[in-house]
Amino acid sequence: MSQPIVSAAAPDKNAATIATIGAYWNDHIHDLEIATEPVGSSGFFRELDEYRFDKLRYLPQVVDFSGYQGKTLLEVGCGAGIDLVRFARGGAIVTGVDLAQVSIDLAKENFTQNGLEADLRVMNGEALTFPDSSFDVVYGHGVLQYTADAPQMVREMHRVLKPGGEAIFMVYNKYSWLNALSKLMKVDLEHEDAPVLKKYSIGEFKAMLRPFAQVRLVPERFPVESRLHHGLKATIYNKVFVKAFNSLPRFLVRPTGWHLMAFATK
Ligand SMILES: C[S@@+](CC[C@H](N)C(=O)[O-])C[C@H]1O[C@@H](n2cnc3c(N)ncnc32)[C@H](O)[C@@H]1O
């Protein structure tokens, strides 16, 4: 029997929350606050890329951005397309969706300036309009934790993935050094004011990825100096905490990584 080509999700169920989430992200483009160059300029995208891959220096070590040549790849919650440009540069045939129109406009500009092609659309990742088994790879870095119904987004990304395809996700770790430090120092996490921000234990994240045949979960993102915060607390963090934490044996602190990366297959 043929499968339905459009999700059976009930987008109306979360419509009000999804609209609020979209409105928030239209006004809070991820990492925008570090940019000094005019928004949408080539310098702006370069700054965003440099900042992201300095803060997330683990990311290119665990995600092979050049390893998907000729493969179809969907990113849900693509923001300004910083990661998606890297996948496209590596030869992947890329599609990016995001709830926020501003993100998609910036991602389009980013691709144009890089002379690369992408199918970029405003779309709710909980109700994707792609047929079943459309993509070789699905990627969602920092999106599940901000949506209304994360298990529904997982089901949708699983649905549009081809059998045997690869899925890559990142959510925040409830039991992380960063979560603990932010409470201790009374410093808000980025996007703490977002309409939805959920953190997961390793067990909860694994349970949510149950639709996948195989799942490998790796905690990543350990302290690096912050360019975003200033003042005494930031100086103590940058000059004392970062060094002290990183001198601890990684195998001991690994479970407290702020980013829970998941590599799954369908
Ligand atoms: C923290 S930003 C991450 C952006 C990008 N993935 C990155 O890592 O820089 C979260 C993004 O997810 C998007 N988002 C949240 N819920 C979504 C949904 N239901 N469907 C599509 N995009 C969503 C937001 O609009 C925002 O651009």
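Conventions adopted
- Residues numbered from 1 in each chain as written.
- Predicted model: local features only at pLDDT ≥ 70, side-chain atom pairs only at ≥ 80, totals over all residues.
- Heavy atoms only, no water.
- Helix = DSSP H or I, 4+ residues; strand = E, 2+ residues; numbered from the N terminus.
- Buried < 20%, exposed > 50% of the residue type's maximum accessible area, 1.4 Å probe, protein only.
- Contact = heavy atoms within 4.5 Å.
- Phe/Tyr/Trp six-rings, centres within 6.5 Å; stacked < 30°, edge-to-face > 60°.
- Near = heavy atom within 4 Å.
- Polar contact = N/O pair within 3.5 Å; in protein donor to acceptor, adjacent residues only side chain to side chain.
- Areas by Shrake-Rupley, 256 points an atom, 1.4 Å probe, with all protein chains shown as cover.
- Nonpolar A, V, L, I, M, F, W, Y, C, P; charged D, E, K, R; others polar.

Trainee: Where do I start with the environment of valine 76 in this structure?
Mentor: Among the secondary structure elements, valine 76 is positioned in strand S1 (residues 72-76). A residue is classified by how much of its surface remains accessible, and valine 76, at 2% relative accessible area, is buried. Valine 76 sits 18 residues away from tyrosine 58 along the chain, and the two C-alpha atoms are 20 Å apart. Leaving out residues up to four positions away in the same chain, valine 76 has contacts with Val97, Gly125, Leu128, Tyr139, Gly140, Val143, Met153 and Met157.

Trainee: Looking at this structure, I do not really get the packing of aromatic side chains. What am I missing?
Mentor: By convention here, two paired aromatic rings are described through the distance between centres and the angle between planes. Across all of its chains, the model carries 17 aromatic pairs by this definition. Ring plane angle 90° and centroid distance 5.1 Å describe the contact between phenylalanine 130 and phenylalanine 135, whose orientation is recorded as edge-to-face. As far as burial versus exposure is concerned, phenylalanine 130 and phenylalanine 135 are alike and both buried. In this structure an aromatic cluster arises from ring pairing among Tyr24, Trp25, Tyr146, Tyr172 and Trp258.

Trainee: Can you walk me through the site of the ligand in this structure?
Mentor: Around the ligand there are 21 residues in total, and Arg52, Gly77, Asp98, Gly125 and Thr147 lie nearest to it. Glycine 125 places a main-chain nitrogen or oxygen 2.8 Å from a nitrogen atom of the ligand. Compared with its free state, where it exposes 590 Å², the ligand has 96% of that area covered by protein. For the shell around the ligand, the element with the most residues is helix H1 (residues 15-27), which contributes three residues. For the shell around the ligand, the per-class residue count stands at nine nonpolar, nine polar and three charged.

All quantities given are derived from atomic positions and should not be read as evidence of function.
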